[in-house]
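Each chain, written out:
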Amino acid sequence: MIEEEERAKRRAALRALLLRPLLTAESAPAELMLVRRHQAELRDWLARETGWRLHVDSEAARLFKTAPSLEDDTHPARGKGKEPFGRRRYVLLCLALAVLERADAQTTLGRLAEEVLNASAEPDLAFDFTLDTRPERADLVAVVRILLGWGVLRRVAGEEEAYLSATGDVLYDVRRNVLSVLLTGARGPSTVTAATFEERLAGLADEPVPDSDDLRNQALRRRLTRRLLEDPVVYHADLDDDERAYLVSQRAAIIRRIEEATGLVAEVRAEGIAMVDPDDEVTDVRMPEQHTDGHVTLLVAEFLAGRGQEVTREELRGFVRDAAARHASFWRKGVTEPGAEDELLGIALEKLVALRLVVVLPDRVRALPAIARYALDEPTIREPRRAER
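Since the model is a prediction, treat every value here as computed from it, not as a measurement.

1. Some points on the packing of aromatic side chains
Counted according to the given criterion, the structure contains 2 aromatic pairs. Geometrically, the ring pair formed by phenylalanine 303 and phenylalanine 319 is stacked, given 4.4 Å between the ring centres and 20° between the ring planes. Highlighted residues: phenylalanine 303 in helix α12 (residues 291-307) and phenylalanine 319 in helix α13 (residues 313-326), separated in sequence by 16 residues. Judged by its relative accessible area of 16%, phenylalanine 303 is buried. Judged by its relative accessible area of 16%, phenylalanine 319 is buried. The aromatic ring of phenylalanine 64 is capped on one face by arginine 62, whose charged end is 5.2 Å from the ring centroid. It is arginine 373 that lies over the ring of tyrosine 374; its NZ or CZ is 5.5 Å from the centre.

2. What about the sheet that holds strand β3 (residues 60-64)?
What the 3 strands build is an open sheet, ordered β1-β3-β2; its pairing is antiparallel. Both outer strands of the open sheet, β1 (22-24) and β2 (53-56), are each paired with one neighbouring strand and no more. Taken pair by pair, the neighbouring strands of this sheet meet at an average axis angle of 5°, ignoring direction. Pairing of β2 with β3 involves 4 bridges; the strand directions are antiparallel. Bridge assignment links leucine 54 to a residue of β3, and that residue is leucine 63.

3. Points about the sheet that holds strand β4 (residues 106-108)
On the basis of which strands lie adjacent, the open sheet formed by 3 strands has the order β4-β6-β5 and antiparallel pairing. Single-partner strands in this sheet number two, and they are β4 and β5 (153-157). The average angle at which neighbouring strand axes cross in this sheet is 35°, direction not considered. In this sheet, strand β6 (residues 171-174) lies alongside β5 in antiparallel orientation, the contact comprising 4 bridges. Looking at the pairing, leucine 153 lines up with valine 174 of β6. Sheet strands in contact with helix α5 (residues 109-120) are β4 and β6, and its direction is about 80° off that of β4.

4. A word on the packing of helix α2 (residues 29-37) against helix α3 (residues 39-49)
Running from N to C, α2 and α3 point in directions that differ by 75°, and their axes come no closer than 5 Å. Classed by the angle they form, the pair α2 and α3 counts as roughly perpendicular. Contact residues: Val35, Arg36 and Arg37 in α2; Gln39, Glu41 and Leu42 in α3. Class assignment for the residues of the contact of α2 with α3 results in 2 nonpolar, 1 polar and 3 charged.

5. Side note on the pairing of strand β12 (residues 364-367)
Here β12 shows a clear split, with Val365 and Ala367 buried on one side and none of Arg364 and Arg366 buried on the other. Both strand β10 (residues 310-312) and β12 contribute to a ladder of 3 bridges, which runs antiparallel. Paired with valine 311 across the strands is valine 365, a residue of β12. Sheet topology note: the strand β11 (residues 358-360)/β12 ladder contains 3 bridges and is antiparallel.

6. Digging into the nonpolar core
Within the largest apolar cluster, 39 residues are counted, with the highest numbers of intra-cluster contacts made by Leu100, Leu109, Val116, Leu147 and Leu153. Taken together, the elements giving at least two residues each to this core come down to β3, α4 (87-101), α5, α6 (134-150), α7 (160-164), β6 and α8 (176-179). The biggest single contributor to this core is α6, with 8 residues. Counting 34 residues, the second-largest nonpolar core is a separate cluster that includes Val300, Leu345, Val358 and Ala370.

7. Description of unusual backbone geometry
A negative phi angle characterises most non-glycine residues, just as the trans form characterises most peptide bonds. Look at histidine 291: it is not a glycine, yet its phi comes out positive at around 70°. With relative accessibility at 68%, the residue histidine 291 sits in the exposed group. Although it is not a glycine, arginine 356 sits at a positive phi angle of roughly 60°. With respect to the element layout, arginine 356 can be found in the loop between α14 (340-354) and β11. Arginine 356 sits in the partly exposed class, given a relative accessible area of 22%.

What counts and how
Residues numbered from 1 in each chain as written. Predicted model: local features only at pLDDT ≥ 70, side-chain atom pairs only at ≥ 80, totals over all residues. Heavy atoms only, no water. Phe/Tyr/Trp six-rings, centres within 6.5 Å; stacked < 30°, edge-to-face > 60°. Helix = DSSP H or I, 4+ residues; strand = E, 2+ residues; numbered from the N terminus. Buried < 20%, exposed > 50% of the residue type's maximum accessible area, 1.4 Å probe, protein only. Lys NZ or Arg CZ within 6 Å of the ring centre and 35° of its normal. Pairing = 2+ DSSP bridges. Axes fitted to C-alpha atoms, helices over the stretch in contact; angles between N-to-C directions. Contact = heavy atoms within 4.5 Å. Parallel < 35°, antiparallel > 145°, perpendicular 65-115°, else oblique. Nonpolar A, V, L, I, M, F, W, Y, C, P; charged D, E, K, R; others polar. Core = buried A, V, L, I, M, F, W, Y, C linked by side-chain atoms within 4.5 Å.

In structure tokens:
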């Protein structure tokens with residue numbers, strides 16, 4: 001019983017790291033305590049099965065994950081209102097981290113803004129940014145709030161809203177122990193000499209090619225395990241020939257190790273594999289969800305699952321428009337106004353793309369095989385059994 005209890009706690013620690021690769025004493029004290037308690041076993045499993053590093057100290061735990069794909073933009077950082085970060089915010093985030101690396105133990109939002117502004121004026125950067133408008137200041141505040149959430153900054157006094165309205169400033173502690181473990185990747189940025197952005201990004205994630213059969217098989221196992229842990233669905237069609245052959249031969253062993261370590265359950269179909277969380281915790285995009293957006297997404301998924309491989313956008317707009325009319329008394333206000341179906345459909349498709357359930361094309365939407373799990377069968381009406389006389 002004690003052994004099973006320890007196994008459950010170790011599983012909970014790994015699940016916490018998969019959901020939030022950076023845990024701090026302020027943001028997740030209970031989870032950090034579990035990771036610290038089981039760090040040796042976690043570090044061994046992660047190194048063996050994924051090749052990921054795990055750093056643990058008294059104030060933070062950092063899992064250095066690597067993205068399975070450099071082209072996936074379906075899980076962006078988001079602001080306070082859940083709006084996705086755009087290019088300007090990502091650039092500001094990088095500049096803020098560079099500035100904080102040289103900052104004192106404490107800084108203010110105003111001082112940080114000035115130093116970011118100076119850094120953005122570097123000739124090689126060619127980044128047009130000022131603090132003259134409220135939207136630009138709001139972008140910087142969104143970045144600061146991300147850093148607060150990560151634990152890189154700790155608010156000492158003041159509020160960001162005061163800075164936005166130009167009525168005050170904010171004082172922060174700079175937590176260098178957290179800042180120092182943010183950067184992840186197979187190589188240090190200073191060692192990458194490629195010229196274009198795409199080549200430099202690929203260089204950051206580039207890993208050495210194994211030179212023996214055993215090491216190549218180890219690399220295949222790690223790549224596949226990473227994808228099964230990170231991607232909502234792993235389709236056989238998206239794997240190269242070596243990955244596909246290895247997964248076919250070693251599927252049972254790989255799945256068993258993941259299930260034992262994480263509590264995820266494999267859903268295996270002819271087209272691929274999805275590691276499903278029965279508790280609906282280890283995910284940043286839930287399906288289904290409550291409220292209007294969640295209901296719309298579920299209805300669109302059911303519609304696509306029952307209509308075949310591709311549906312035009314116009315068909316989907318009409319479907320959402322009709323659904324809004326049927327459910328208007330339960331959904332939020334304004335869903336039946338002209339054009340509201342475009343916003344609702346956009347939200348639904350964004351979630352379905354992130355879950356690898358659809359591909360959005362310019363004028364149509366293609367359903368992917370895993371969306372079949374949301375198909376509904378026609379109800380079966382059985383004749384009532386007659387009582388024997």
